[in-house]
Amino acid sequence: MEGQITLEEKANIKEDLKKIIHQYSEFFDEKWKVINEKDIMISERGISRIYRPDRILKGDEGYIIVDFKTGMETEKNDQQIETYKSVLKSGKESHQNSVNLYS
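This one's a predicted model, so the numbers in the text were calculated from it and none came from an experiment.

1. Here's the deal with unusual backbone geometry
Okay, so step 1: The phi dihedral of Glu37 falls on the positive side, at around 45 degrees, and the residue is not glycine.
Okay, so step 2: Structurally, Glu37 can be placed in the loop between β1 (33-36) and β2 (40-44).
Okay, so step 3: If you check the backbone angles, Arg45 has positive phi at about 50 degrees while not being a glycine.

Written out as structure tokens, the structure reads:
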């Protein structure tokens, strides 16, 4: 693959995105301060790890973590978002919600 898609694939992707935005419109509202794919580094016991959620929404009541996925729901994906939640909490951030969005 060279990073190119066909016109048919482009149309399908566009439709998928429209469906996601419509179904989850609250996560695309302008009321949020949006943080996209920002590294979060946590050091514990001399070991540093970097985490990168797809989207963090900052609102008055705390943060919402949004991670975009393709395919079927998996335990691995659920664990990943739980890890992101723990990372935010360890930084003393107020967590409001977490969601995996599947297309």
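2. Here we look at the layout of surface pockets
Okay, so step 1: Estimated volume of the largest pocket: approximately 170 Å³.
Okay, so step 2: The class makeup of the residues in the lining of the largest pocket is six nonpolar, one polar and three charged.

3. A short note on the confidence of the model for the protein
Okay, so step 1: Looking at the protein as a whole, the pLDDT averages 87, with 96% of positions reaching at least 70.
Okay, so step 2: For the protein, the element scoring lowest by mean pLDDT is strand β6 (residues 95-102), at 76; β1 scores highest, at 94.

Rules of the game
Residues numbered from 1 in each chain as written. Predicted model: local features only at pLDDT ≥ 70, side-chain atom pairs only at ≥ 80, totals over all residues. Heavy atoms only, no water. Helix = DSSP H or I, 4+ residues; strand = E, 2+ residues; numbered from the N terminus. 1 Å grid on protein atoms, 1.4 Å probe; cavity = no way out; pocket = protein on both sides within 12 Å on 5 of 7 lines; lining within 4 Å. Points joined across faces, edges and corners; volume = space filled by probe spheres on them. Nonpolar A, V, L, I, M, F, W, Y, C, P; charged D, E, K, R; others polar. pLDDT = per-residue confidence, 0-100.

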